[in-house]
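Here are the chains, one letter per residue:
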Amino acid sequence: MKGTVNDMKKKLIIIAVLLFVMSNIMFNFASCSEAKTLTAEVLPVKGGRSGIVTIVHDDGDLPSARFMLKEFEEKGLCGTFAMIADKVVSKDGVPTANAAEWQSIVRTGYFDIANHTQSHTWYGFGDEGESGTYIKKDGTVIEYEYEPGHMTDEIVGAAERMREIFSDQKILCYVIPGFTNAQGYEGRTPEAIKIIEDNFISQRNTGGAGDFDGTKVDCLNNISDIDFSSLNCMMVNASDDYRTRWFEYVDNIIEYQGWGIYCFHNIWETEVPSGHNVAQSKASELFEYIADKSDSGELWCATLTEGTLYTKEYNNASLDMTVSGKQIELTLKDRLNDEIYDMPLTVRVDVFKNWDKAVFEYDGKTETVNVRTAEDGSRYILVDMVPDRGTAVIKEG
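Residues numbered from 1 in each chain as written. Predicted model: local features only at pLDDT ≥ 70, side-chain atom pairs only at ≥ 80, totals over all residues. Heavy atoms only, no water.

What should I look at first to understand the overall build of the protein chain in this one?
Assigned secondary structure in the protein chain consists of eight helices and 24 strands. Within the protein chain, the fraction of its 397 residues that count as buried is 49%. A fraction of 73% describes how many contacts in the protein chain between residues 6 or more apart in sequence connect residues 24 or more apart. For the protein chain, the exposed surface amounts to about 19300 Å²; the carbon and sulfur share of it is 49%. (Helix = DSSP H or I, 4+ residues; strand = E, 2+ residues; numbered from the N terminus. Buried < 20%, exposed > 50% of the residue type's maximum accessible area, 1.4 Å probe, protein only. Contact = heavy atoms within 4.5 Å. Areas by Shrake-Rupley, 256 points an atom, 1.4 Å probe, with all protein chains shown as cover.)

Just checking my understanding: could you explain the pairing of strand E9 (residues 209-212) for this structure?
A regular strand carries its side chains on alternate faces of the sheet. The alternating pattern of E9 places Gly210 and Phe212 on a buried face, while none of Ala209 and Asp211, on the opposite face, is buried. Pairing of E9 with strand E10 (residues 215-218), which is carried by four bridges, proceeds in the antiparallel orientation. Bridge pairing in E10 links Phe212 to Thr215. Counted along the chain from E9 to the antiparallel partner E10, the turn is two residues long, and its residue Asp213 has a positive phi close to 50°. (Pairing = 2+ DSSP bridges.)

Would you explain helix H4 (residues 150-165) in this entry?
An α-helical turn contains 3.6 residues, so any two residues separated by three or four positions project in the same direction. Compared with an ideal rise of 1.5 Å per residue, which puts 16 residues at 22 Å, H4 spans 21 Å between its outermost C-alpha atoms and is within 8% of the ideal. Of all bends in H4, the biggest is about 40°, found at Val156. By the burial criterion, the buried members of H4 are His150, Met151, Glu154, Ile155, Val156, Gly157, Ala158, Ala159, Arg161, Met162 and Ile165. Elements in contact with the buried residues of H4: strand E3 (79-83), helix H3 (99-107), strand E4 (111-115), strand E6 (141-146), strand E7 (173-175) and helix H5 (190-199). (Expected span 1.5 Å × (residues − 1). Bend = angle between axes of the 7 residues up to and from the residue.)

Which parts of the structure should I look at to understand the side chain of Asn115?
Within the secondary structure layout, Asn115 lies in strand E4. At 2.7 Å, the side chain of Asn115 and the backbone oxygen of Ile155 are in polar contact. Excluding residues within four positions of it along the chain, Asn115 makes contact with Met83, Ile155, Ala158, Ala159, Met162, Ile171, Cys173, Tyr174, Val175 and Phe200. (Polar contact = N/O pair within 3.5 Å; in protein donor to acceptor, adjacent residues only side chain to side chain.)

Quick question: what am I supposed to make of the sheet that holds strand E20 (residues 357-362) here?
Two pairing modes exist for strands in a sheet, parallel and antiparallel, and in both the strands are linked by backbone hydrogen bonds. The strand order across the open sheet built from five strands is E17-E18-E24-E20-E21, with neighbouring strands paired in antiparallel fashion. Single-partner strands in this sheet number two, and they are strand E17 (318-324) and strand E21 (365-370). Pairwise comparison of adjacent strand axes, ignoring direction, gives a mean angle of 20° for this sheet. Where E17 lies against strand E18 (residues 327-333), seven bridges are found, and the strand directions are antiparallel. Looking at E18, one finds that Ser318 is bridged to Lys333. (Axes fitted to C-alpha atoms, helices over the stretch in contact; angles between N-to-C directions.)

In this structure, what is going on with the nonpolar core? I would like to understand it.
Soluble, globular proteins show a tendency: their nonpolar side chains are buried together. Membership of the largest hydrophobic core comes to 67 residues, with the highest contact counts inside it found for Phe81, Ile155, Tyr262 and Phe264. What Tyr262 contacts, discounting residues up to four positions off in sequence, is Val53, Thr54, Ile55, Val56, Met234, Val236, Trp246, Tyr249, Val250, Leu286 and Ile290. Ranked by size, the runner-up nonpolar core spans 48 residues in total, among them Leu38, Trp259, Leu336 and Val371. (Core = buried A, V, L, I, M, F, W, Y, C linked by side-chain atoms within 4.5 Å.)

It is not clear to me how the environment of Thr322 should be interpreted in this structure. Could you clarify?
With respect to the helices and strands, the residue Thr322 is situated in strand E17. Accessibility expressed as a relative area gives 45% for Thr322, which makes it partly exposed. Sequence-distant contacts of Thr322, defined by excluding residues within four places in its chain, comprise Gln327, Ile328 and Glu329.

How should the pattern of salt bridges be read in this particular structure?
Side chains carrying opposite charge are able to pair once their charged atoms draw close together. Scanning all chains against the criterion turns up 18 salt bridges. Measuring nitrogen to oxygen at the nearest pair gives 2.9 Å for the salt bridge that ties Asp198 to Lys194. Here Lys194 and Asp198 lie together in helix H5, a separation of four residues that amounts to about one turn. Classification of Lys194 by relative accessible area gives exposed; the value is 55%. (Salt bridge = Lys/Arg side-chain N within 4 Å of Asp/Glu carboxyl O.)

Explanation requested: a negative patch on the surface in the structure shown.
A cluster of acidic residues, Asp241, Glu248, Asp251 and Glu255, forms a negative patch on the protein surface. With respect to the secondary-structure elements, Glu255 resides in helix H6 (residues 242-256). On the accessibility criterion, Glu255 (56% relative accessible area) is exposed. (Patch = residues over 30% accessible without salt bridge, like charges linked within 9 Å, V, L, I, M, F, W, Y side chains within 5 Å. Lys, Arg positive; Asp, Glu negative; His and termini not counted. Charge placed at Lys NZ, Arg CZ, Asp CG, Glu CD.)

Where do I start with the sheet that holds strand E19 (residues 345-350) in this structure?
Taken in spatial order, the four strands line up as E1-E19-E23-E22 in an open sheet, and their pairing is antiparallel. Each edge of the open sheet is held by one strand with a lone partner, namely strand E1 (40-42) and strand E22 (372-373). Bridge analysis of E19 against strand E23 (residues 379-385) gives six bridges, and the strand direction is antiparallel. When the bridges of E23 are listed, Arg348 appears paired with Leu382.

Could you clarify how one ought to interpret the pairing of strand E2 (residues 51-59) in this entry?
Of all nine residues in E2, nine are buried; the element is thus mostly enclosed. Two elements, E2 and strand E16 (residues 299-301), share three bridges in a ladder whose sense is parallel. Looking across to E16, one finds that Val53 is bridged to Cys301. Bridge count between E2 and E3: four bridges; the pairing is parallel. Note on E3: the bridge partner recorded for His57 is Phe81. In this view, the connection linking E2 to its parallel neighbour E3 by way of helix H2 (residues 62-75) has right-handed handedness. (Right-handed = clockwise from strand over helix to strand, strands pointing away.)

What is the right way to read the environment of Lys293 from this model?
Summarising the element assignment, Lys293 is placed in helix H7 (residues 280-295). For the pair Lys293 and Ile254, spaced 39 residues apart in sequence, the C-alpha to C-alpha distance is 9.0 Å. Leave out the neighbours within four places in its chain, and Lys293 touches Val250, Asp251, Ile254, Glu298 and Leu299.

So this is what it looks like as structure tokens:
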């Protein structure tokens, strides 16, 4: 009888061991099968949002800058000053009377600086030195004579001098001037284009239209097909039906998942009848609408530099993913200059369904990330990675 009981115990132990082994085999097989379905991708907009919006003030009107700072502080927005260098520093490198206030505004962190030339005045056809005439908007004929290197100084020298004034600004982007003092003259001759392309990472134009699978959308940029030598933008005007034109632009950014750029000139306290000068009350309504869409997670409000860096890196990125057991490894690279292009890209990474948290190790840092659930039931995390910083390791948290 005793032998029979012992035999039964042995059989039960053997069965338990077999069941344990089989369950582990099945679990490992399921994990292996699940691992094969995991994917990762770089997202076209930071944080997985639907679109990018950038607010640019052209020229450098100090009262407008004061108003924008107050609005942006209240609403959590950011933007770019496309600065005419003459507003802050002379060609001889002497700061203007207003330079200190401009420095104070930029140091708040709500704005970056783009180059809008030294004087916003016709700089000639080439850089070899020339003389000629141009016609001002009022019909006045102006004679000019430029020394060799004048074009380079208007474009490159302006940025160099402004970097001395704004020491924390790289000034990587160029905003093409509309030469109101030289009617009909292009803002960029072939020689000017070469100088600009050699010294800046993007050029913002006005107008234009983005192509979204055959649909042309006014003033919008298709993030996957951007012409960085002529970024499209909307120039706001006092005559606009602003609640239609300005607000619909925001909606189009979200609908088409594009990059929209607003161009403001003077923003005044009172309504003005025409031109590029608009009322503060209207601008404030737009900024509130943009802030609402940003707070809801639909829009990323970025400076011109941030938008350029992100979208350019995105369009040049390559991502490799490997899964070994329960560990995921990612390597993100691009084909760009790492001294300039250091903007973190958002990467969506599938993880195992039984994970609630993940540990993300990258670039010498470790963080715990909450796992999200997609509409199809898959599990994923969002992480930020600067390209060319080595391999990221993701484990269960």
